[in-house]
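A closer look at the structure
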Amino acid sequence: MTTAVRPAAAADWRALGTSVRLVTTDPTMLGSCNLLLARRLAEVDATCSRFRADSELSALDDSDGRPTRVSPLLAEALAVALRAAEATDGAVDPTIGSALEALGYDRDFTLVQEDDRPVRLAVRRVPGWRRIHLDRATGTVTVPTGIRLDLGATAKAWAADRAARTLARTAGCGVLVSLGGDTAVAGDPPAGGWRIRVQDVTGPTEEPPAQGPYATIGLHSGGLATSGTAARHWRRGEHTLHHIIDPNTGLPARTPWRTVSVAAANCADANAATTAALVKGRGAERWLTGLGLPARLVAGDGTVVTTPGWPASLPGQGRAHSARPAIEDEAVQAEGGPGGTASSTTRTTRTATPPEGPA
């Protein structure tokens, strides 16, 4: 007996200041899934954006250190952020909001790029994630006065995970959700897994990049994320800055890596690991190996380093990878073709407009 493989269907749009790609293995479910995804992302934006004065996160920043009751959605987003901070030894820290604002990243990224006023760089440790108290039992959060939160390193990937699970359960088919390159899959995957191209240089998605290393792999479950310093950067005076902050200095991390890609049991873990690897710098590959995380790191000179478990990539095909338990933005391309053949390709990177999470 043979079964015809139904072609995957895809939709592409923008939300949370970044690109959105939705792929379903059942084309008839694409429209309803897309409507549900739009509603879910609107809820995340209203809850977690630090660029919206009316967001719940902004209200929490202005709570003057008082225990504040928050919605279950924000409590979950904060729990993910605090878990990432603990798992990465503080390399991913949600209290970097003031540091980003001091560097000029205080609005939607497209507006940040248009502003070249000089800034004065000063080394100053961020307040630290341990000062944030989340009480899940009472649904309250305490943020000390003066601390500004930023959930950019976790919220977008967490939103992709959450949406993929919900859509797969609702539609009863395989689903891929990619938010600016933070990619989560759920439900039954296409034969051979979801084909995903990871590349270091952004560009047209219909074909592999003309320059720069890339890899095509198959993903059966979990999540895949890439973070980097090249795509989301801006100039202020004589300084070229990027959004990956070292909590020890409050300044853009000095790292030998151009991009880091990680596959994990979920996209939130993958993105936390990629961000932490950039902050940790040299030796990050040993840290990732110790966690058992398959990873691909690209150095400034283009040298590619992989950790055990990262699948080999061959022209036109990718070995399937099943995500493993673990602890994120850039040039991850979700091709979404069934049976190892891409039916459609789009740029999903947070990586030509660098994506931006609900930070």
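Residues numbered from 1 in each chain as written. Predicted model: local features only at pLDDT ≥ 70, side-chain atom pairs only at ≥ 80, totals over all residues. Heavy atoms only, no water.

**Considering the overall build of the protein chain**
Formally: A run of H or I in DSSP becomes a helix once it reaches four residues, and a run of E becomes a strand once it reaches two; helices and strands are each numbered from the N terminus. Buried, partly exposed and exposed residues are distinguished by accessible area as a fraction of the type maximum, computed with a 1.4 Å probe on protein chains only: under 20%, between the cut-offs, and over 50%, respectively.
Helices and strands together make up the secondary structure of the protein chain, namely eight helices and 21 strands. Within the protein chain, the fraction of its 359 residues that count as buried is 56%.

**A closer look at the packing of aromatic side chains**
Quick note on the threshold: Each aromatic pair joins two rings of Phe, Tyr and Trp (for Trp, the six-membered one) with centres within 6.5 Å, and gets the label stacked for planes under 30 degrees apart, edge-to-face for over 60, and tilted for any other angle. In our convention, an over-ring charge means Lys NZ or Arg CZ found within 6 Å of a ring centre and within 35 degrees of that ring's normal.
Within this structure, the stated rule accounts for zero aromatic pairs. The positively charged end of Lys-280 is found above the aromatic ring belonging to Trp-287, 4.8 Å away from the centroid.

**Regarding the confidence of the model for the protein chain**
Selection rule: The pLDDT value tells you how sure the predictor is about a given residue, anywhere from 0 up to 100. Contacts are assigned to residue pairs with any non-hydrogen atoms lying within 4.5 Å of each other.
Summarising the model, the protein chain shows a mean pLDDT of 78, and 70% of its residues fall at 70 or more. Note that pLDDT drops below 50 for residues 1-6; the model gives that stretch five contacts with residues more than four away or on any other chain. Between residues 233-240, whose pLDDT stays under 50, and residues either more than four places distant or in other chains, the model counts 31 contacts.

**Section: helix α6 (residues 155-171)**
Heads up, the condition is: What a helix should span is 1.5 Å times the count of its residues minus one.
Between its first and last C-alpha atoms α6 spans 24 Å; for 17 residues at 1.5 Å apiece the expected length is 24 Å, and the two agree. Across the 17 residues that make up α6, a large majority, 13, are buried. Positive backbone phi, approximately 70°, marks Gly-172, located one or two places after α6.

**Structural notes on the pattern of salt bridges**
Heads up, the rule is: We define a salt bridge as a side-chain nitrogen of Lys or Arg found within 4 Å of a carboxyl oxygen belonging to Asp or Glu.
In the structure shown here, the tally under the stated rule is 12 salt bridges. The closest approach of N and O atoms between Asp-62 and Arg-148, which form a salt bridge, is 3.0 Å. Within this pair, whereas Asp-62 is found in the loop between α2 (56-61) and β3 (68-69), its partner Arg-148 is found in the loop between β5 (140-142) and α6, the two being separated by 86 residues in sequence. Its relative accessible area of 24% is what places Arg-148 among the partly exposed residues. We note a salt bridge from Arg-66 to Asp-64, for which the minimum N-O separation is 3.6 Å.

**Some thoughts on helix α1 (residues 30-48)**
This is how the line gets drawn: The arc in question is the one spanned by the directions pointing from the helix axis to the C-beta atoms.
Between its terminal C-alpha atoms α1 stretches 26 Å, which fits the 27 Å expected from 19 residues at 1.5 Å a residue. Here α1 has its buried residues at Leu-30, Cys-33, Leu-36, Leu-37, Leu-41, Val-44, Thr-47 and Cys-48. Buried positions in α1, seen along its axis, are confined to an arc of 135° and lie on one side of it.

**Points about the sheet that holds β3**
For clarity, the threshold we go by: Here, any two strands with at least 2 DSSP bridges between them count as paired.
Ordered in space as β3-β5-β4, the three strands form an open sheet in which the pairing is antiparallel. What marks the edges here is a single partner per strand, and that holds for β3 and β4 (133-135). Both β3 and β5 contribute to a ladder of two bridges, which runs antiparallel. Considered in β5, the bridge of Arg-69 is made with Thr-140.

**Here's the deal with the nonpolar core**
Note the cut-off: Among the buried residues, those of types Ala, Val, Leu, Ile, Met, Phe, Trp, Tyr and Cys that are joined through side-chain atoms within 4.5 Å form a nonpolar core.
Core analysis: the largest hydrophobic core is formed by 76 residues, its most contacted members being Leu-151, Trp-158, Val-177 and Leu-288. Contact partners of Leu-288, with chain neighbours within four places excluded, come to Val-260, Val-262, Ala-273, Ala-277, Leu-293, Ala-295, Leu-297 and Thr-307. In this structure, Leu-176, Ile-196, Val-198 and Ile-217 belong to the second largest nonpolar core, which totals 12 residues.

**Concerning the pairing of strand β2 (residues 18-24)**
Of all seven residues in β2, seven are buried, a share of seventy percent or more. Note that strand β1 (residues 9-15) and β2 share seven bridges and pair antiparallel. Counterpart to Trp-13 in the pairing with β2 is Val-20. Once β1 ends, the chain turns through two residues before running back antiparallel as β2, passing Leu-16 with a positive phi of about 55°. In this structure, β2 lies alongside strand β6 (residues 175-179), joined through five bridges in antiparallel fashion. For Val-23, the partnering residue across the bridge sits in β6 and is Leu-176.

**Things to note about the packing of α1 against α6**
Basically, it comes down to this: For helices, the axis comes from a line fit to the C-alpha atoms of the stretch in contact; other axes are also lines fit to C-alpha atoms, and the angle between any two N-to-C directions lies between 0 and 180 degrees. Orientation labels follow simple angle bins: below 35 degrees gives roughly parallel, above 145 gives roughly antiparallel, 65 to 115 gives roughly perpendicular, and whatever is left gives oblique. Left-handed describes a crossing whose near helix is turned anticlockwise from the far helix by less than a right angle; the clockwise case is right-handed.
Two numbers describe how α1 lies on α6: the axes approach to 10 Å, and their chain directions differ by 150°. When the interaxial angle is binned, α1 and α6 end up roughly antiparallel. Between α1 and α6 lies a crossing of right-handed hand. The segment α1 lies against α6, with Cys-33, Leu-36, Leu-37, Arg-40, Leu-41, Val-44 and Cys-48 engaging Trp-158, Ala-159, Arg-162, Ala-163, Thr-166, Leu-167, Thr-170 and Ala-171.

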